Structure formats: C-alpha cells, structure tokens
Amino acid sequence: MNRNHGVSIACVGAGYWGRNLVRVFGSLPGSHLKMVCDNDPQVRARVADQYSNLTVVSDYESVLQDADIEAVVIAVPTVYHYETAKLALESGKHVFVEKPMTTRVDEAEELVEIAERKHLTLMVGHLLVHHPAIDALKRLINDGELGETCYLYSQRVNLGIVRKDENALWSLAPHDIAVMLYLLDQEPDAVSARGECYLQKDVEDVVFVNLHFKDGKMGQLQVSWLDPHRIRRLTIVGSDKMAVFDDMESAEKIRIYDKAAERDSYESYGEAITLRFGDVVIPHIHMDEPLKLECQHFVDCVSAGAKPRSDGHDGLRVVRVLQAAQQSLEQDGVPVGLAPGRG
Ligand SMILES: NC(=O)c1ccc[n+]([C@@H]2O[C@H](COP(=O)([O-])OP(=O)(O)OC[C@H]3O[C@@H](n4cnc5c(N)ncnc54)[C@H](O)[C@@H]3O)[C@@H](O)[C@H]2O)c1
C-alpha cells in the first residue's frame with residue numbers, strides 16, 4: 001500500500017461503461033489505477049494499447065491476490081456483480097460496484113454485511129445522486145422552496161441500448177429509483193409495475209413503475225429502450241412550485257416554475273381553487289462531470305474511511321424496490337408491499 005500514489009485500484013470489466021471508469025480513475029487526484037481485468041481479449045488489447053502504464057489481466061484471481069490493490073471497481077454485467085464484489089470484499093478490498101448492486105435482495109444484504117464486518121467501503125454507481133443538478137434539487141426540497149413535495153415522475157427513454165441479459169427495468173430504472181429515494185429521503189411502502197416485451201421473449205422493453213410512499217407522496221418512472229425520443233427528465237410537483245430537471249439540456253438543466261394550484265376558503269363561496277402562473281427561473285448550476293465527481297467521492301471515502309453518499313445500504317434499498325417491481329411486473333401490475341426500513 002503506497003499512499004503517496006493514492007488509493008491503489010483495479011477495474012474489473014472495461015466494456016461499454018467500464019472504459020469510462022478506467023478513463024476517470026486513471027486520471028483522478030488521490031487515485032492510482034494499477035490494473036484492469038477483463039475476460040475479453042479484444043477489450044484487453046484496446047486497454048493495453050491505450051494505457052501502457054497499466055497491468056492488463058484476464059483472470060480475476062490476479063486482482064484478488066495482489067496485496068497492493070486496495071479497491072476494486074466493478075463494471076461487469078449485472079448478473080456477475082454479486083460474486084465479483086463478494087470475492088473482492090472477502091479479500092479485504094474496498095468495492096465500487098456499478099448499478100444495480102445485485103440482482104437479488106438477499107445478495108445485496110450479504111454484501112452490506114460483509115463490508116460492515118470487515119470495515120470496508122462499499123459504494124454503488126448511482127451516478128445521478130452525484131449530479132450537481134440533483135444536488136440543487138435536493139437543496140430546493142430541503143429548503144422548502146417547492147413547498148411540500150406532492151409527486152415526482154421521471155422519463156428515461158431512448159432507442160437502444162437493447163440488452164439481452166436484463167430488462168429495461170433493471171437496466172435503466174436504478175438511476176431514477178436511487179434519485180427518488182434520495183430526494184424524498186424515504187423508501188416506498190408499495191410498488192407496482194407494468195411492462196411489455198416487444199423485441200425479445202421475457203425481456204421487457206418498456207416499463208412503467210409506480211412508487212407509493214406512506215405519507216401520500218408518489219413517484220412514477222417510465223423506462224424504455226424502444227422509443228423515438230431521447231429523454232432524461234425528472235419533474236417534481238410541489239405545493240408551492242414545480243421543478244424540472246432535463247439532463248439533455250447542456251446548460252439550463254433545471255427550471256423552477258412558480259406555478260401552483262391553491263385552495264382558498266371564502267365564507268360565502270365555500271372552497272375555491274386558484275391557479276397561479278408565475279415566472280420561470282433557471283438557476284445557474286456549476287457543472288462538473290458527474291462520473292468524475294462520483295469516482296472522486298469513492299476515492300475520498302476510501303482514503304478517509306467515510307460513508308459514501310451511495311453506499312451499500314442505498315444499493316440494497318434500490319434492489320429492494322427493483323425486486324418488488326419485478327414481482328409486480330410478473331403479476332400484471334398488482335401492488336407489492338415493502339417492509340419498512342430494514343436497510
Ligand atoms: N452508471 C451508468 O450510467 C451505467 C451505464 C451503463 C452500464 N452500467 C453498468 O455497467 C455494468 C457493465 O455494463 P456494460 O454496458 O459496460 O457491459 P459490457 O458487456 O459492455 O461490458 C462488460 C465487460 O465485462 C467483461 N466481463 C464479463 N465478465 C467478466 C468477468 N467475470 N471478469 C472480468 N471481466 C468480465 C466483459 O468482457 C465486458 O468487456 C453493468 O452493471 C451496467 O448496469 C452503468
């Protein structure tokens with residue numbers, strides 16, 4: 001272990017997404033990317049070609065056996081997250097694992113338990129909770145700027161990437177579920193989901209998920225890889241104001257609408273609803289690459305022994321919602337209850 005060089009890291013899986021993690025961890029202050037592991041020879045050749053300073057290996061055992069490596073960054077396909085993360089934790093290494101943390105709740109619980117028992121950092125790649133615009137929305141909600149949050153809904157739709165080993169729910173919804181739980185600071189008590197498979201048998205291409213919270217708040221998610229539009233949008237409706245986060249906008253990511261419907265009481269007329277149409281404010285948000293912020297956060301947490309913003313418990317909470325949504329999907333949308341706050 002050599003802290004002069006920063007946290008010594010190995011990236012496992014350098015495919016479509018992992019190559020971004022290799023790029024960022026390879027250039028962060030406080031991070032020393034030492035090794036990349038991938039079982040595809042073409043991927044290894046590309047990485048070796050691009051980064052001559054890295055050790056590129058095919059067998060995961062080399063990562064686990066290397067006592068110098070303090071942290072493992074995992075971007076293998078989701079079905080392998082659990083076993084890859086478990087082996088790393090059991091070898092005494094801190095873990096950053098891509099979303100969703102696992103494909104089952106019991107597996108997520110086990111990873112959390114191992115990390116805690118061994119005092120290791122376990123962080124999940126819930127990228128959006130590290131996004132400066134989500135920070136800004138969280139402040140708006142916490143400061144009461146929007147009034148009481150009534151409901152929120154997200155759309156994450158595009159044509160592609162069509163996956164074979166997971167449906168649109170598990171592939172796309174973890175980001176929005178993580179954000180909704182983070183913004184509302186609570187877990188839903190019931191989840192329902194409907195979806196359809198148009199391209200492949202038993203792999204839903206489009207899914208609508210409804211989250212019900214015990215205080216009457218509601219979250220709605222639309223995810224699809226079979227859509228003509230490319231939309232990454234979150235709308236929050238508060239009792240005083242409404243806010244929209246549009247991640248496809250390059251600069252004006254958030255708009256705050258001074259719009260509301262208010263209930264007035266008149267002695268003679270009874271109750272009336274007044275609609276308010278006020279200004280639209282576009283706050284300045286200091287943008288930095290969310291992936292860079294996320295990776296820097298992991299390195300900082302490992303160095304300081306601090307709790308990450310998207311830690312194993314958050315990963316577990318998101319998997320719990322996904323598993324309930326999957327159960328609902330398989331039962332034509334019947335609401336599936338979630339036991340409160342065990343994570
Ligand atoms: N945070 C985000 O926005 C985001 C975006 C896309 C994907 N992801 C996540 O990243 C992960 C990887 O997705 P992807 O699209 O990059 O997949 P991918 O198939 O493009 O890449 C996976 C890579 O892992 C390698 N691999 C598979 N099993 C391995 C093993 N046992 N040991 C070593 N290497 C192995 C493959 O050869 C491949 O190169 C998934 O969990 C996915 O959900 C996150």
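This text goes with the structure placed above it.
Bear in mind that the values here come from a model prediction, so they are computed numbers and not experimental data. (Residues numbered from 1 in each chain as written. Predicted model: local features only at pLDDT ≥ 70, side-chain atom pairs only at ≥ 80, totals over all residues. Heavy atoms only, no water.)

A. Examining the packing of aromatic side chains more closely. This structure, assessed with the given rule, holds five aromatic pairs. When the ring of Phe96 is compared with that of Phe298, the centres are 5.7 Å apart and the planes differ by 70°; the resulting orientation is edge-to-face. A residue pair is termed long-range when its members are at least 10 positions apart, and Phe96 in strand S5 (residues 94–98) and Phe298 in helix H8 (residues 290–304) qualify at 202 residues. In this structure, Lys138 is placed above the aromatic ring of Tyr182, and the distance from its NZ or CZ to the ring centre is 4.9 Å. (Phe/Tyr/Trp six-rings, centres within 6.5 Å; stacked < 30°, edge-to-face > 60°. Helix = DSSP H or I, 4+ residues; strand = E, 2+ residues; numbered from the N terminus. Lys NZ or Arg CZ within 6 Å of the ring centre and 35° of its normal.)

B. Geometry of the pairing of strand S7 (residues 149–159). One ladder, built from nine bridges, connects S7 with strand S11 (residues 226–238); its direction is antiparallel. Residue pairing for S11: Tyr151 is matched across the bridge by Val237. Across seven bridges, S7 lies against strand S10 (residues 218–224) in parallel orientation. Opposite Arg156, over in S10, you have Val223 as the bridge partner. (Pairing = 2+ DSSP bridges.)

C. Main features of the nonpolar core. With 77 residues, the main nonpolar core has Met101, Leu137, Leu169, Leu183, Val209, Leu211 and Leu234 as its most contacted residues. Take this core: its biggest share by element is twelve residues, from helix H7 (residues 168–184). If near-sequence neighbours (up to four positions away) are discounted, Leu183 is found in contact with Ile134, Leu137, Lys138, Ile141, Leu152, Leu234 and Ile236. Counting residues in each nonpolar core, the second largest holds 25 residues, with Val7, Ala71, Leu291 and Val302 among its members. (Core = buried A, V, L, I, M, F, W, Y, C linked by side-chain atoms within 4.5 Å. Buried < 20%, exposed > 50% of the residue type's maximum accessible area, 1.4 Å probe, protein only. Contact = heavy atoms within 4.5 Å.)

D. Layout of the sheet that holds strand S6 (residues 122–125). Strand order in the open sheet formed by six strands is S3-S2-S1-S4-S5-S6, with parallel pairing between adjacent strands. Among the strands making up the open sheet, the edge pair consists of strand S3 (55–57) and S6. Looking at each pair of strands side by side, their axes are set apart by 20° on average, direction ignored. In terms of strand pairing, strand S2 (residues 31–37) meets S3 through three bridges, oriented parallel. Pairing of Met35 across the sheet is with Thr55, part of S3. (Axes fitted to C-alpha atoms, helices over the stretch in contact; angles between N-to-C directions.)

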